[in-house]
Amino acid sequence: MDFNLSGLTPGPAGESGEIPVKVLILGSGPAGLSAALYAARADLNPVVLSGMELGGQVSLTYAVENYPGFPEGVGGTELVELFQKQAERFGAKVEFDTAVEVDLSRRPFRVRTYNATYLVETLIVTTGATARHLNVPGEVELTGRGVSYCATCDGWFFKDKDVVVVGGGDSALEEGIFITRYARSVTIVHRRDTLRAGVILARRAETNPKIKFIWNSAVTEIIGNEAVRAVRLKDLVSGEECDQPTDGIFIFIGHTPNTQLFKGQLEMDSLGFLVTDNLTRTNVEGVFAAGEAADPHFRQVVTSAGMGAAAAMQAGRFLDEMSG
Ligand SMILES: Cc1cc2nc3c(=O)[nH]c(=O)nc-3n(C[C@H](O)[C@H](O)[C@H](O)COP(=O)(O)OP(=O)(O)OC[C@H]3O[C@@H](n4cnc5c(N)ncnc54)[C@H](O)[C@@H]3O)c2cc1C
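Source: prediction; values computed, not measured.

(A) A look at the state of the cysteines. Counted under the stated rule, the structure contains one disulfide. Shown here is the disulfide that connects Cys 150 with Cys 153, its sulfur atoms set 2.0 Å apart. Where Cys 150 bonds to Cys 153 through sulfur, the torsion about that S-S bond is close to 70°, and the disulfide is right-handed. Since its relative accessible area comes to 17%, Cys 150 is described here as buried. Accessibility expressed as a relative area gives 32% for Cys 153, which makes it partly exposed.

(B) Quick peek at unusual backbone geometry. Cis geometry is found at the peptide bond from Arg 107 to Pro 108, where omega equals -5°. Mapped onto the elements of the fold, Pro 108 is located in the loop between strand 4 (99-103) and strand 5 (109-113). Of note, Asn 135 is a non-glycine position whose phi angle comes to about 60°, a positive value. Inspection of the secondary structure assignment puts Asn 135 in the loop between strand 7 (129-131) and strand 8 (147-148). The phi dihedral of Asn 216 is positive, around 50°, even though this residue is not glycine. Within the secondary structure, Asn 216 sits in the loop between strand 11 (211-214) and strand 12 (217-224). We classify Asn 216 as partly exposed; its relative accessible area is 22%.

(C) Here's a closer look at the pattern of salt bridges. Scanning all chains against the criterion turns up eight salt bridges. Across the pair Arg 110 and Glu 18 runs a salt bridge, and its minimum N-O distance is 2.4 Å. Of this pair, Arg 110 sits in strand 5 while Glu 18 sits in strand 1 (residues 18-26), and the two are 92 residues apart along the sequence. The exposure class of Glu 18 is partly exposed, given its relative accessible area of 39%. Here Arg 232 makes a salt bridge to Asp 243, at a shortest N to O gap of 2.7 Å. Pair noted here: Arg 232 is in strand 13 (residues 228-235) and Asp 243 is in strand 14 (residues 241-245), with a separation of eleven residues, a long-range link.

(D) Representation of the site of the ligand in the model. Neighbouring residues of the ligand: 31 residues in total, closest Ser 50, Glu 53, Gln 57, Glu 292 and Val 301. At 3.4 Å from a nitrogen atom of the ligand is found a main-chain nitrogen or oxygen belonging to Gly 51. The separation between an oxygen atom of the ligand and a polar side-chain atom of Gln 300 is 2.9 Å. Contact with the protein chains hides 93% of the accessible area of the ligand, taken as 1000 Å² for the molecule alone. Elements supplying a minimum of two residues to the shell around the ligand: helix 1 (30-41) and helix 6 (301-322).

(E) Just the packing of helix 1 against helix 2 (residues 76-89), in detail. It is the contact of helix 1 with helix 2, at a shortest axis distance of 8 Å, that shows an interaxial angle of 20°. Relative to helix 2, helix 1 is oriented roughly parallel. As helix 1 runs across helix 2, the sense of the crossing is left-handed. Facing Pro 30, Leu 33, Ser 34, Ala 36, Leu 37 and Ala 40 of helix 1, the residues of helix 2 in contact are Val 80, Phe 83, Gln 84, Gln 86 and Ala 87.

(F) Seen up close, the sheet that holds strand 14. Within the open sheet, the three strands sit side by side as 12-13-14. Their pairing is antiparallel. Two strands in the sheet have a free side with no partner beyond their single neighbour: strand 12 and strand 14. When strand polarity is set aside, the average angle formed by the axes of neighbouring strands in this sheet is 30°. Inspection of the sheet shows strand 13 paired to strand 14 by five bridges, in the antiparallel sense. Within strand 14, the position partnered with Leu 233 by the bridge is Cys 242.

About the thresholds
Residues numbered from 1 in each chain as written. Predicted model: local features only at pLDDT ≥ 70, side-chain atom pairs only at ≥ 80, totals over all residues. Heavy atoms only, no water. Disulfide = S-S within 2.5 Å. Buried < 20%, exposed > 50% of the residue type's maximum accessible area, 1.4 Å probe, protein only. Helix = DSSP H or I, 4+ residues; strand = E, 2+ residues; numbered from the N terminus. Salt bridge = Lys/Arg side-chain N within 4 Å of Asp/Glu carboxyl O. Near = heavy atom within 4 Å. Polar contact = N/O pair within 3.5 Å; in protein donor to acceptor, adjacent residues only side chain to side chain. Areas by Shrake-Rupley, 256 points an atom, 1.4 Å probe, with all protein chains shown as cover. Axes fitted to C-alpha atoms, helices over the stretch in contact; angles between N-to-C directions. Parallel < 35°, antiparallel > 145°, perpendicular 65-115°, else oblique. Left-handed = near helix turned anticlockwise from the far one by under 90°. Contact = heavy atoms within 4.5 Å. Pairing = 2+ DSSP bridges.

Here it is, written out as structure tokens:
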């Protein structure tokens, strides 16, 4: 994509004037761009702030095979480029900028970015979430080449292969069990000697013939050139290291929503996911939230896009009510 965010520094509020907008969308992932499409088609002239990751998380992935309408699959970057093009066709404006401060205490809301201050009638928050990383050598280089954070997305690529799953909570076990549909074996590596997951899920994993556990161990390196070949494990009791051959590694050690900006202003759960009602409304009238920033459960392109569309429809209804 043709953009460059380098060299931007936060400017003082209002430095280049205050820009009034009817609908401001924070985030350019599937939720943000779908919201932009719906708001643009409703003649609301939405402005999208891209954030540092134009296109969102899905732009990091090589192939998306579960977004409807693409029977042969589609590249992640290509898919969000199409989202953006479609929204822009109806008048949405995408700015390569990031919100750094918000004041939601009264309308119009104030959103300060690196370049400007927006005066906002309705705000749609689609700032997404970030999968927690192990931060070990090989992880970044091999992401998409055997390192994955999403079983629903990538499990299929590991038909009859051996994979390692890292984590000991509910999502590690749920996703590990899911991957056994495809993989020949799933080895769950956990830092402790007991699981953090619920009892029923733990029993289901422990009795699954394709799953085995390696306890008290941490992954210290992911090994491979073009594709993952092995993981280096450290026994946290004895300190010994060994290499475990594997075709892939799925990392489920938590997901952090990008919502710190709204702390003290928008209601969130204990993990930081924004709390909305079933109409995407937050606790502040005129502020809507969609996609992974408000969704710890589904975390897919199609679900995030659907929530984004719903949020834009709600924003339009809210503006109609306000104007009588
Ligand atoms: C490697 C990988 C592969 C995946 N593969 C698939 C797949 O095959 N199929 C599938 O359905 N799902 C897949 N997913 C999941 C999918 O990408 C997400 O569910 C989806 O992108 C969530 O969309 P979103 O719009 O809610 O948030 P995100 O995609 O996380 O986008 C968040 C956006 O908010 C912006 N932002 C953050 N903070 C600010 C701020 N302060 N101001 C302005 N903007 C901000 C970011 O720059 C970004 O544009 C994958 C995820 C990953 C990481």
